[in-house]
Each structure stands twice: as structure tokens, then as C-alpha cells.
Amino acid sequence: MNAVPLVGYSSSGSEDEAEAGARAPARPGARGGRRDQTPLPSQRLPVPDSVLNMFPSTEEGPEDDSAEHGGRVRTFPHERGNWATHVYVPYEAGEEFLDLLDMLLPRAQTCIPHLVRMEQFHLSLSQSVVLRHHWILPFVQALKDRVASFQRFFFTANRVKIYTNQEKTRTFVGLEVTSGHAQFLNLVSEVDRVMEEFDLTTFYEDPSFHVSLAWCVGDARPQLEGQCLRDLQEIVDEFEDSELLLRVHAEQIRCKSGNKFFSLPLK
């Protein structure tokens, strides 16, 4: 579908990792060796396992067990020194918003029982991309410079919509932005410029900005669209003060890179 996919982002728990270079072999007859000396056969003593285990290979990443994170599948393989990075506007969920979600989720689960509530809420301004660790701070500084002049703004997200990621391995129930779209486009334009500076993938064309509320594994659009979607929209429309509740003040953008978070306030 044309709606903007929401891509999962992974994290790396490791800090900066140096890559060991191969040392070149000494030249025959190099200073410090005797030319007339018969070379001895090379002998290697076995290295104890206890020592080998102290230095795990930097060429192998951890095994990616999807069962450990709800069946989700990485959109790109984990590699040491690579940090999954994502730029977004945070959506702070208040008590009334969670009350609304408590009404929406049970209705949606009658269609998809394994639907799971999101732990955090946000509106994406970028795809999930990969940065080397030493590029994180320059990347964040470039973002800060780009958005420093942007004014804070209000937006409303009150249209229920069903999304999938690009691989259609996950489905999301979301609230689409119905006012404030132009401001989000302007922000994405600046974020895209930073992505291009670092030779990274830019955001989707004609994006549908939204807050994801819940997700499940697989493509569940056939079950969620139609009558189920209409029922969910009716719950939103009839929820007390929903128009005011779902009008949000965007005050900052955030960048998550691995396990690091950076807040960039708007003007």
C-alpha cells in the first residue's frame, strides 16, 4: 500500500570497536636477522581455550533470534560497529491517550488476537539507516544545524489507518496525521539533506505521517481493514474530547542511534 512503512530499528550494545589490521610479514634479510642463519621451522604452541574465549571474534555478530523480540525480523543484518539510526518526533502518551488505546486494542484484537501494544509512540521522519559509530556525533550535529530554525507546531493525528513495513513482515495500527502535514514535510526535507550528506537512504515519497499504536507479525491488512477499521475509527470519533486529546504540540525531534538518544529542540 502507499502508506509509509514503519521499519523496525535494531540497536548495538557495543561501544566503539577498533578494527585490527593485518601486520605485514618481515622482509627476508631485514635488519635484525642473520642472513647465514638457517631458518627454524615455525612452531606454534596451542592457545588455551580460556585465553581464546577472552577475545571473541570481531567479525561475527550475535545470532539473530527472532523469538527473542516477538518474532520481528531485522531489515538489515547486525554488524559490529554499525548502529541502527532513526529520526522521529516523540509522542508523549498521557493517561487519556492510554485510555483511548485501552478501548481500541480489544476491538482490534477481535480481528487479530496477537496484536501487541507499542511500548513507545513517535512519528518517523526517517527510515531506519545504519551509521558507523564514529559518524554518530557528526550526524547529530548536522541534524541540529538543519532544524535549529524550525518553529514548534501543533499537529493532529486522529485518522485510524493500517500500515505494513516494506517487507510486509509486520503490520501496524496507527493514527494518521490530518493537520500539520506540511510542517512534517518541511522537517523531512531537512532530515533528507542530512541523509544525503552521509550517503544514506532518504525518507519515502508521499509519506503518511502517523503514530503507531499496536503491531503484529505478518501482513494482517485483510483482517484489519474494512469493518474492523471502521469500528476503530468510530471509537476514536466518539471518544470524549478526542479532538483536543489528539492535538499535539511538536517541540523537539529525536535521533536514536543504537542505545544512544539525542534530543534536538525546535525553536
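What counts, and where the lines are drawn
Here the residue numbers are simple positions, counted from 1 along each chain's written sequence. The model is predicted, so local features are restricted to residues of pLDDT at least 70 and side-chain atom pairs to those at 80 or more, both for listing and for counting; the totals for chains, interfaces and linings are taken over all residues. Side-chain metrics in this entry use all non-hydrogen atoms of the structure; hydrogen atoms and water are not considered. For patch detection, residues must exceed 30% relative accessible area and be free of salt bridges, and they are connected within 9 Å for like charges or within 5 Å for nonpolar side chains (Val, Leu, Ile, Met, Phe, Trp, Tyr). Method for areas: the Shrake-Rupley scheme with a 1.4 Å probe, in which residue coverage is limited to the protein chains shown. Just to be clear on terms, a salt bridge is a Lys or Arg side-chain nitrogen sitting within 4 Å of an Asp or Glu carboxyl oxygen. Charge counting treats Lys and Arg as positive and Asp and Glu as negative, with His and both chain ends excluded. Where a charge lies is defined by one atom per residue type, namely NZ (Lys), CZ (Arg), CG (Asp) and CD (Glu). Helix numbers and strand numbers start at the N terminus; a helix is a DSSP run of H or I with at least 4 residues, a strand a run of E with at least 2. With a 1.4 Å probe rolled over the protein chains alone, any residue whose accessible area is under 20% of its type maximum counts as buried; one over 50% counts as exposed, and the rest are partly exposed. Each Phe, Tyr or Trp ring, with Trp reduced to its six-membered ring, pairs with another whose centre is within 6.5 Å; inter-plane angles below 30 degrees give stacked pairs, above 60 give edge-to-face pairs, and intermediate values give tilted ones. Criterion for a charge above a ring: Arg CZ or Lys NZ at most 6 Å from the ring centre, at most 35 degrees from the ring normal. Known as pLDDT, the predictor's confidence for each residue is given on a scale from 0 to 100. Between two residues, a contact is recorded if the distance between any of their heavy atoms is within 4.5 Å. Think of it this way: DSSP has to see at least two bridges between two strands before they count as a pair. Here a helix's expected span is defined as the number of its residues, less one, multiplied by 1.5 Å. Along the arc lie the directions from the helix axis toward the C-beta atoms. Pairs of N or O atoms are called polar contacts if they sit within 3.5 Å, as long as, within protein, a hydrogen donor faces a hydrogen acceptor (for residues adjacent in sequence, only side-chain-to-side-chain pairs).

Asker: I'd love a proper account of a negative patch on the surface, names of residues and values included.
Answerer: Residues Glu95, Glu96, Asp99, Glu240 and Asp241 make up a contiguous surface patch of negative charge. When you line up the elements, glutamate 240 lands in the loop between α6 (227-238) and α7 (242-245). Under the relative-accessibility criterion, glutamate 240 is labelled exposed at 64%.

Asker: Can you explain the packing of aromatic side chains? Please cite residues and give values.
Answerer: Each pair of aromatic rings is reported with the distance of its centres and the angle of its planes. The final tally for this structure, using the stated rule, is 11 aromatic pairs. Measuring from centroid to centroid gives 5.1 Å for phenylalanine 184 and phenylalanine 209, while their planes differ by 25°, and the two rings are stacked. Taken together, the residues span a long stretch of sequence, with phenylalanine 184 in helix α4 (residues 181-197) and phenylalanine 209 in the loop between α4 and β7 (210-217) at a distance of 25 residues. Both residues of the pair, phenylalanine 184 and phenylalanine 209, count as buried. These aromatic residues form a ring-pair network of at least three members: Tyr91, Phe97, Phe121, Phe153, Phe155, Phe184, Phe203, Tyr204 and Phe209. Here the guanidinium or amino end of arginine 247 rests over the ring plane of phenylalanine 154, the centre of that ring lying 4.1 Å away.

Asker: Residues and numbers for the confidence of the model for the chain, please.
Answerer: The share of residues in the chain with pLDDT of 70 or more is 71%, and the mean pLDDT across the chain is 80. Confidence over residues 50-66 falls short of pLDDT 50; this stretch has 10 contacts with residues more than four positions distant or in other chains.

Asker: An account of the pairing of β7 is needed here, citing residue identities and associated values.
Answerer: Of all eight residues in β7, seven are buried, a share of seventy percent or more. Two elements, strand β2 (residues 116-117) and β7, share two bridges in a ladder whose sense is antiparallel. Pairing of arginine 117 across the sheet is with alanine 214, part of β7. As judged from the seven bridges shared by strand β6 (residues 170-179) and β7, these two strands associate in the antiparallel manner. When the bridges of β7 are listed, glutamate 176 appears paired with histidine 210.

Asker: Give a description of helix α2 (residues 95-109) that names residues and reports values.
Answerer: The end-to-end C-alpha separation of α2 is 21 Å, in line with the 21 Å expected for 15 residues at 1.5 Å each. Restricting attention to buried positions, one finds in α2 the residues Phe97, Leu100, Leu101, Leu104, Leu105 and Ala108. Mapping the buried residues of α2 onto a view down its axis gives an arc of 135°, with all of them on the same face. Packed against the buried residues of α2 are β2, β6, β7, α5 (221-224), α6 and α7.

Asker: An account of the side chain of serine 124 is requested, with residue identities and associated values reported.
Answerer: Of note, serine 124 is situated in strand β3 (residues 122-124). A polar atom in the side chain of serine 124 sits 2.9 Å from the side chain of histidine 86.

Asker: Give me the lowdown on the pattern of salt bridges, citing residues and values where you can.
Answerer: Taken as a whole, this structure holds eight salt bridges when the rule is applied. Close ionic contact of aspartate 102 with arginine 117 constitutes a salt bridge, the shortest N to O distance being 2.2 Å. Highlighted residues: aspartate 102 in helix α2 and arginine 117 in strand β2, separated in sequence by 15 residues. Arginine 146 is the salt-bridge partner of glutamate 197, the closest N and O atoms lying 3.4 Å from each other. Residue glutamate 197 is located in helix α4, and its partner arginine 146 is located in helix α3 (residues 136-147); the two are separated by 51 residues in the primary sequence. Each of Arg146, Glu190 and Glu197 takes part in one network of salt bridges that share partners.

Asker: So, the pairing of strand β4 (residues 129-132): which residues are in play, and what are the values?
Answerer: Going residue by residue along β4, you find Val129 and Leu131 tucked away on one face and Val130 and Arg132 left uncovered on the opposite face. Judged from the four bridges that link them, strand β1 (residues 82-90) and β4 form a sheet pairing that is antiparallel. Paired with tryptophan 83 across the strands is leucine 131, a residue of β4.

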